[in-house]
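Now for the letters of each chain:
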Amino acid sequence: MAKERIRFDLLVAGLMGLLTICFFISFGVGSYPVSIITVWDVLRSRVMDVAVTWEPAVEKVVFQVRIPRILLGILVGGGLAVSGASYQTLFKNPMVSPDILGVSAGAGFGAALAMLQSGSWAEIQLSALFFGLLAVVIANLIGSICGKAEITSLVLAGIIVSSLFHALLSVVKTYADTDSQLPSITFWLMGSLGKGDMGDVGMLLPVTAVCLTVLFLFRNQIDVLATGEEEATALGVNVRRVGLIVILTSTLLTAVAVSICGIIGWVGLVVPHIARIFTGVKYSRLMIVSFLIGGFFMLLMDNIIRGVSSVELPLGVLTALVGTPVFALLLIQSRRRSAS
Amino acid sequence: MIEIKQLEFRYKRRRPVLRDVTFHLERGECVCLLGPNGAGKTTLLKCLLNYFRPESGSITLDGKDICRMSVRECAAHLAYVSQSTQLTFPYSVEEVVLMGRVAHMRLGASVSERDRKIAAEVMEYLGIREMSEENFQTLSGGERQMVMFARALAQQAKYLILDEPTASLDYSNQIKILNMICKLAAEGYGILMTTHSPDHAFLASSKVVLLREGTVLEFGSPELVVTSENLSRLYHVPVCVTEAVLKNTGGGTSQKVCVPILRKGDESNETGSPKKKSDPAYSHPSCSGHGPRHAGRL
């Protein structure tokens, strides 16, 4: 038992180390070249006296472009991964992703609608957040009308709501101006960390912190949900309440992330599976490891986008390009293992 | 003591599933719930577990209405073992057993040393300690059922609710579970179990409830309640309750057994056929009473 505990602690320490290294390396990646030593000096200069040897533009790049982008990457990736892990445990289904209840579809419609009205960046975000949450509320209403077998009907309700908002999105696209609005809608739907600023970090950070804390407090109850509603009730877990808490926090994590970065798929589905290989299925560990791997994965993807190609590839496209083969590999491996 | 009084339950706008159900369960005894499919056995268990809210009537636990108890409070007194538990994710046996401790954990608290100790003790008690690290999904049906019992015992509830604990188990595992039920009842647990095998009533229970179409036909000791007549009435098939002499055990002890009478070649031998209900031969199978003279030889 103690051995297992030490192994987990080492794993978390290792992942944190990896994330930290990736964090600093990320400052040096991008179209404007900045050496890592300079980055270190620039960062230090805020809290201590360092001789200024760099151009003023460097400081601007580090503080106004790269810091928000890197922090957003970690928070969005980690948040989506935890959200996916929570939903998978709640719905007892490893194929579930954070947009199962229609958050992404709702947010996509909201953003497109705001773009159609030529809204500002803040308005687009707000509209995306609002419709993302609205979609989940509708799904929950349909689910609760269905009655007792709530969890299964909720998944179906999510599919219904997603389809509805996809259809509405198509309507908006039809009306959009093909020269300016349609391309921006299309790019938004493919996801990017590029438009985020420190204000977005200021919104995402507290939301993520609160949601993760709540999920952590309920970690043992969430594990019990994996046994099914009846047994969980008999084990002393208020299924309705804990289920609602998981849905609320996971939806909020996803909705805020999507409203800032657009739609980024696959992270919430694949990362929990990778995390399970390292740490097993127990939720308390799964959520921590999922967050760290999710943050690391997203940062890595964004670095590839900024560093490798001259044309900035949309983030959602790259996560899908990398996510699908990884998922196929995991699937084949798990089938082989269960066959032997 | 758990007292169920005039319990009535219906699913939304349908005919009642349970009507005027009254019986009680004391600690140290095992009550066996017999009844055909659809009689309302599982619904009754779900009412007991506070999962369903009855329409009228009451379920009290040591005088306290369980509908007024929180799910958590209820779990501290009642533990549940279902027919078969499926887990989507590969939890280890120990993790599953520790889930039984959640009702006793404060919000946000970690699994304590005491919880681990209790889990280890119940696993030791049931002889599954050595598989604590194993993946629950890969266990056999009998092993899984043992783990479910371990989880229920880890809950440290005084009453156990068992929904067909022997269903889909092989013969030796069924007997293993029945032995354990007897042992637990002797240790002071109050046990309510459903089963489709009326023999289990003689083997493991001290009282029997016969449930048909949501109402209690009979409630009492197995000797009085589980008779040829009552079983035939309950299942609408001819059943003979007779006594078997256990020769191999020495002193010629006997054990009551239930034997269904098959009518070979009779095509109308379907269950629940309305025609059959009025057939006198149907409710009184040609079963020549009890006593060692007619007993089957084992």
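Residues numbered from 1 in each chain as written. Chains lettered and ligands numbered in written order. Predicted model: local features only at pLDDT ≥ 70, side-chain atom pairs only at ≥ 80, totals over all residues. Heavy atoms only, no water.

**A look at the overall build of chain A**
This is how it is decided: Starting at the N terminus, helices and strands are each numbered in turn, a helix being any DSSP run of H or I of at least four residues and a strand any DSSP run of E of at least two. The reference for a compact globule is 2.2 Å times residues^0.38; the radius of gyration itself is calculated from the C-alpha atoms. Relative accessible area decides the class of each residue, using a 1.4 Å probe on protein chains only: under 20% of the type maximum gives buried, over 50% gives exposed, and in between gives partly exposed. Only the protein chains shown count as cover for residues, and all accessible areas are computed by the Shrake-Rupley method using a 1.4 Å probe. Positive charges are assigned to Lys and Arg, negative charges to Asp and Glu, while His and the chain termini are left out of the count. Taken as the charge location is NZ of Lys, CZ of Arg, CG of Asp or CD of Glu.
Counting its regular elements, chain A contains 14 helices and 0 strands. Sequence-ordered secondary structure for chain A, helices as α and strands as β, is α-α-α-α-α-α-α-α-α-α-α-α-α-α. In terms of C-alpha radius of gyration, chain A reaches 21 Å, essentially the compact-globule figure of 20 Å for 340 residues. By the burial criterion, 54% of the 340 residues in chain A qualify as buried. For chain A, the computed accessible surface area is about 15,000 Å², with 69% contributed by carbon and sulfur atoms. The centroid of the 22 positive side-chain charges in chain A is displaced by 10 Å from the centroid of its 19 negative side-chain charges.

**Here's the deal with the sheet that holds strand β4 (residues 56–61) of chain B**
All names here are of chain B. Here is the rule: In this scheme, strands are said to pair when DSSP sees at least two bridges between them. Contacts: residue pairs with any heavy atoms within 4.5 Å of one another. An axis is simply a line fitted to the C-alpha atoms; with a helix, the fit covers only the stretch in contact. Between two such axes, the angle follows the N-to-C directions and lies from 0 to 180 degrees.
The strand order across the open sheet formed by 4 strands is β2-β1-β4-β5, and the pairing between neighbours is antiparallel. This sheet does not close on itself; its edge strands, each paired only once, are β2 (18–25) and β5 (64–65). When strand β1 (residues 2–9) meets β4, the two strands line up antiparallel, connected through 5 bridges. Residue pairing for β4: isoleucine 2 is matched across the bridge by leucine 61. Helix α1 (residues 41–48) rests against β1, β2 and β4 of the sheet, and its axis sits at about 120° to β1.

**As for helix α8 (residues 198–217) of chain A**
Residue and element names in this part refer to chain A. Our working rule: Given the number of residues in a helix, its expected span is that number minus one, multiplied by 1.5 Å. The arc in question is the one spanned by the directions pointing from the helix axis to the C-beta atoms.
The terminal C-alpha atoms of α8, which comprises 20 residues, lie 29 Å apart, in line with the 28 Å expected from a rise of 1.5 Å per residue. Inspection of α8 places Asp200, Val201, Leu204, Val207, Thr208, Cys211, Leu212 and Leu215 among the buried residues, and these make up the whole buried set. In a view along the axis of α8, the buried residues occupy a sector of 150°, so they form one face of it. Facing away from the buried surface of α8 by more than 90 degrees, the exposed residues are Gly199 and Val210. On its buried face, α8 is in contact with α3 (56–90), α5 (121–146), α9 (219–225), α11 (239–261) and α13 (283–307).

**Thoughts on the sheet that holds strand β3 (residues 30–34) of chain B**
Residue and element names in this part refer to chain B. With respect to topology, 6 strands assemble into an open sheet ordered β6-β7-β8-β3-β9-β10, the strand pairing being mixed. Of all strands in the sheet, those bounded by a partner on one side alone are β6 (78–81) and β10 (215–220). Within the sheet, the average angular offset between the axes of one strand and its neighbour, ignoring direction, is 15°. Alignment of strand β9 (residues 207–212) against β10, held across 5 bridges, turns out to be antiparallel.

**Observations concerning unusual backbone geometry**
Residues and elements named next belong to chain B. Of note in the backbone geometry, aspartate 62 takes a positive phi value of approximately 50° without being a glycine. Following the sequence through the fold, aspartate 62 ends up in the loop between β4 and β5. Taking the relative accessible area as the measure of exposure, aspartate 62 reaches 54% and is therefore exposed. Positive phi is not limited to glycine here, since serine 168 has a value of about 55°. By secondary structure assignment, the location of serine 168 is in the loop between β7 (159–163) and α6 (171–186). Serine 168 sits in the exposed class, given a relative accessible area of 70%.

**Observations concerning the packing of helix α4 (residues 103–116) of chain A against helix α7 (residues 181–190) of chain A**
All names here are of chain A. How we decide: Here roughly perpendicular refers to angles of 65 to 115 degrees, roughly parallel to angles under 35, roughly antiparallel to angles over 145, and oblique to all remaining angles. Should the near helix be turned anticlockwise from the far one by less than a right angle, the crossing is left-handed, and should it be turned clockwise, the crossing is right-handed. Gly is placed with the polar residues, together with every amino acid not listed as nonpolar (Ala, Val, Leu, Ile, Met, Phe, Trp, Tyr, Cys and Pro) or charged (Asp, Glu, Lys and Arg).
Packing of α4 against α7 brings their axes to within 10 Å, and their N-to-C directions diverge by 155°. Accordingly, the angle class assigned to the pair α4 and α7 is roughly antiparallel. Of the two elements, α4 crosses α7, and the hand of that crossing is right-handed. Counted together, Ala107, Gly108, Ala111, Ala112, Met115 and Leu116 of α4 and Gln181, Ser184, Ile185, Trp188 and Leu189 of α7 form the full contact between these two elements. Broken down by class, the residue content of the contact of α4 with α7 amounts to 8 nonpolar, 3 polar and no charged.

**As for a nonpolar patch on the surface**
Residues and elements named next belong to chain A. Test applied: Each patch is built from salt-bridge-free residues with over 30% relative accessible area, joining like charges within 9 Å and nonpolar side chains (Val, Leu, Ile, Met, Phe, Trp, Tyr) within 5 Å. One side-chain nitrogen of Lys or Arg within 4 Å of one carboxyl oxygen of Asp or Glu is enough to make a salt bridge.
On the surface, Ile21, Ile25 and Ile36 cluster together into a nonpolar patch covering about 270 Å² of accessible area. By the secondary structure assignment, isoleucine 36 is in helix α2 (residues 36–45). For isoleucine 36, a relative accessible area of 44% corresponds to the partly exposed category.

**Comments concerning the confidence of the model for chain B**
Residue and element names in this part refer to chain B. Definition in use: Values of pLDDT, the confidence the predictor places in each residue, fall between 0 and 100.
On average, residues of chain B score 87 in pLDDT, and 87% of them are at 70 or above. Here residues 269–285 scores under 50 on pLDDT; set against residues more than four positions off or in separate chains, the count is 25 contacts. This prediction of the complex comes with two scores: 0.89 for pTM and 0.89 for ipTM.

**So, the packing of aromatic side chains**
Let me state the cut-off plainly: Side-chain rings of Phe, Tyr and Trp (the six-membered ring for Trp) are treated as a pair once their centres are within 6.5 Å; stacked means planes under 30 degrees apart, edge-to-face means over 60, and tilted covers the remaining angles.
A complete count under the given rule lists 13 aromatic pairs over all chains for this structure. Residues phenylalanine 23 of chain B and phenylalanine 219 of chain B carry aromatic rings whose centres are separated by 5.8 Å and whose planes lie at 55° to one another, so their mutual orientation is tilted. Note that phenylalanine 23 of chain B is positioned in strand β2 and phenylalanine 219 of chain B in strand β10, a separation of 196 residues in sequence. Three or more aromatic residues link up through ring pairs in this structure, and these residues are Phe23, Phe24, Phe27 and Trp40 of chain A.

**Notes on the nonpolar core**
Put simply, the test is: We call a set of buried residues a nonpolar core when its members are Ala, Val, Leu, Ile, Met, Phe, Trp, Tyr or Cys and they connect through side-chain atoms within 4.5 Å of each other.
With 143 residues, the main nonpolar core has Phe91 of chain A together with Leu34 and Ile181 of chain B as its most contacted residues. Per-element accounting of this core gives the leading share, 16 residues, to α3 of chain A. With residues up to four places along the chain from it excluded, the contact list for phenylalanine 91 of chain A reads Val96, Ile100, Leu101, Ile151, Leu154 and Val155 of chain A.

**What to know about the side chain of arginine 101 of chain B**
All names here are of chain B. You can see arginine 101 is positioned in the loop between α3 (93–98) and α4 (113–125). In this structure arginine 101 comes out as buried when scored by relative accessible area, which is 2%. If we skip the residues at most four places from it in the chain, arginine 101 touches Arg114, Asp115, Ile118, Ala154, Gln155 and Gln156.

**Here's the deal with the environment of leucine 72 of chain A**
Residue and element names in this part refer to chain A. With respect to the helices and strands, leucine 72 occurs in helix α3. Residue classification places leucine 72 among the buried residues on the basis of a relative accessible area of 0%. Sequence separation between leucine 72 and glycine 228 is 156 residues, and the spatial gap between their C-alpha atoms is 35 Å. Leave out the neighbours within four places in its chain, and leucine 72 touches Gly77, Leu193, Gly196, Asp197, Asp200, Val201, Leu204 and Ile260.

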